[in-house]
Amino acid sequence: MAWLPLFTSEELPEGGMKLHSLGKREVGVFRQQGKLYAVLNYCPHAGAPICLGEIDHPITTDTPGGSTVRDFARPVVRCPWHHWEFDLQTGKALCPIAPRIKTYPVREEKGRIWIDF
Amino acid sequence: MDTYPIIDCDVHQSSPTKDQLVEYLEEPYRTEIARYGTRKIASGIRGEEGGNRRDLDASALSDPHYFVSALLDRYQHRFALLSGVTASIAGMPDPDYVNAICRALNNFYIDHWLPVDKRFHLGIKIGLQDPATAVHEIERLADVPQVSAVCFFATANRIPFGDRYYWPIYEACQRLDLPIHIHPSTGSTITNAAMTPAGNATTYLESHVCMPQFYMAQVASMILNGIFEKFPNLRVILVEGGISWMPHLLWRMNAEFKALRQQAPFLKRMPSEYVRDNIRLTTQPIEEPEKAEQLLQIFNMIDADHTVMYASDFPHWDFDEPTKLPRILGESTIRRILHDNACEFFRLPSLEAQAPANSVLQLN
């Protein structure tokens, strides 16, 4: 693992996603509510380009018939093919299943986006 | 494996726009649709969570050339069956309206999609609400090149498919040698007065999970009411209804027929034999058990080497790439599913027959 520079901060506006190739692999960096998330562009289910999916804020309900909330502090990416939900921060699926997306530490420094790849 | 040609039994070409559709309609529907758009039935469930794949160019989905590049060329299709999008006609109560829309859609796709690529084949729309007109529509289009199937809606009918109500349509399909392509009509399932056999589903999730139950009921209805004894050359494809329920249905039909044969005395063969000869299943959405060998067992139970065909469901959300078939099935079975079973079912020339004489067979 090493910190690699990707692209400039201006190339990634709030609410956006930008892809970057690193060798044979591709990563996507998201900027959501000022925070950055870096994800390998590969869904563990069927290999879809996960970074092309929509950002959502998941609905959770504590018990059937209970109160439903949408967690705006927790962005998830939904796979563009089969719509599975993955937490952008942890990479975990929202369903209690093992497959997860690969995430990387990411930072912004001196006008540039870096990931620990 | 990557270069083996694909026959795709379920592709959803986009509906025409309102302005495009209006050009194919006569009055009174021409003015009605121009003014109000097509009539709607909705099952009141949040189906938008499904819809299309989100990585596709939504603005391009109305263009058949986009389907050529994003599907046919990308996956090396030899044949793609276009089954369209059906919400505006499945289960609609006015047969004259339905007939007009079906005719307009069929003409639109023949004019605008089939000429774009010879690999496009059309499943024509008919109104099950009016069998006599449906027969006329089948007869009108049966000889059009690249018309290769007749579309039925699995989940928006009150009369099960084994009923004699459908005999004129089956007679025409058998006579004109067109298979029947049976597909869900989820958005209008409520016209059945229930979205599952137990009653109304509360969510699209529940309705979609329970969809195979319609197929179980329809297959039992067709077999046990002797449709394939009456029409022995009729071919039927079950699309998007799943596969894993079929062994259960075969066992149960056979076991109970042994005791209750007098209630289907016209059957000359065991129920499962009619399924093997006249019915085909499609792969999408492929079931995903924890252990791949369990799927292999299911495939062996239903003789998948002959009865299962590939479908992508492009551009929908539960689309399956050809590579989604688990490797445990083995290369021979996978090739039969991706191409050979459908090649035989649609009566296409075999790959060997297509290859020029004295040349190496190019499987790409």
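Note that this is a predicted model, so its numbers are computed, not measured.

For chain B, the helix and strand inventory stands at 14 helices and eight strands. By the compact-globule yardstick of 21 Å for 364 residues, chain B fits well, its C-alpha radius of gyration being 20 Å. Overall, the C-alpha framework of chain B stretches about 55 × 55 × 40 Å when taken along its three principal axes. Counting over 364 residues, chain B shows a buried share of 56%.

Okay, the sheet that holds strand β7 (residues 279-282) of chain B next. Residue and element names in this part refer to chain B. Taken in spatial order, the eight strands line up as β1-β2-β3-β4-β5-β6-β7-β8 in an open sheet, and their pairing is parallel. Of all the strands in the sheet, just β1 (6-11) and β8 (308-309) have a single pairing partner and so form its edges. Relative to β8, β7 runs parallel, the two being bridged by two bridges. The partner of Thr282 across the bridge, within β8, is Met309. Helix-sheet contacts for helix α10 (residues 271-278) involve β6 (236-238) and β7, and the interaxial angle to β7 is about 65°.

Moving on, we get to the environment of Tyr75(B). All names here are of chain B. With respect to the helices, strands and loops of the structure, Tyr75 is situated in the loop between α3 (64-73) and β2 (77-82). Sequence-wise, Tyr75 and Thr323 are 248 residues apart; in three dimensions their C-alpha atoms are separated by 9.6 Å. In this structure the side chain of Tyr75 is engaged in a polar contact, spanning 2.6 Å, whose partner is the side chain of Glu321.

Turning to helix α5 (residues 131-141) of chain B, a few remarks are in order. Every buried residue of α5(B) is listed here: Pro131(B), Ala134(B), Val135(B), Glu137(B), Ile138(B) and Leu141(B). Seen from one end, α5(B) has its buried residues packed into an arc of 160°, which puts them on one side.

A few words on the interface of chain A and chain B. Across the boundary between the two partners, chain A contributes eleven residues, which contact 13 residues of chain B. With both sides pooled, the region where chain A packs onto chain B buries about 1100 Å², and carbon together with sulfur makes up 49% of that total. Contact with chain B buries surface across chain A, with Trp81(A), His82(A) and His83(A) losing the most and accounting together for 51% of the total. At the junction of chain A and chain B, the tally comes to two salt bridges. In this structure, Glu54(A) engages Arg54(B) in a salt bridge whose closest nitrogen and oxygen atoms are separated by 2.8 Å.

Glancing now at the sheet that holds strand β9 (residues 85-87) of chain A. All names here are of chain A. With respect to topology, three strands assemble into an open sheet ordered β5-β8-β9, the strand pairing being antiparallel. Sheet topology places β5 (54-56) and β9 at the edges, where each strand pairs with a single neighbour. Across the sheet, the axes of successive neighbouring strands diverge by a mean angle of 35°, strand direction being ignored. Pairing geometry for β5 and strand β8 (residues 76-78), over three bridges, is antiparallel. Its bridge partner lying in β8, Asp56 is registered against Val76.

Calculation criteria
- Residues numbered from 1 in each chain as written.
- Chains lettered and ligands numbered in written order.
- Predicted model: local features only at pLDDT ≥ 70, side-chain atom pairs only at ≥ 80, totals over all residues.
- Heavy atoms only, no water.
- Helix = DSSP H or I, 4+ residues; strand = E, 2+ residues; numbered from the N terminus.
- Rg over C-alpha atoms; globule rule 2.2 N^0.38 Å.
- Buried < 20%, exposed > 50% of the residue type's maximum accessible area, 1.4 Å probe, protein only.
- Pairing = 2+ DSSP bridges.
- Contact = heavy atoms within 4.5 Å.
- Axes fitted to C-alpha atoms, helices over the stretch in contact; angles between N-to-C directions.
- Polar contact = N/O pair within 3.5 Å; in protein donor to acceptor, adjacent residues only side chain to side chain.
- Arc of directions from axis to C-beta.
- Buried area = accessible area lost by both parts, 1.4 Å probe.
- Salt bridge = Lys/Arg side-chain N within 4 Å of Asp/Glu carboxyl O.

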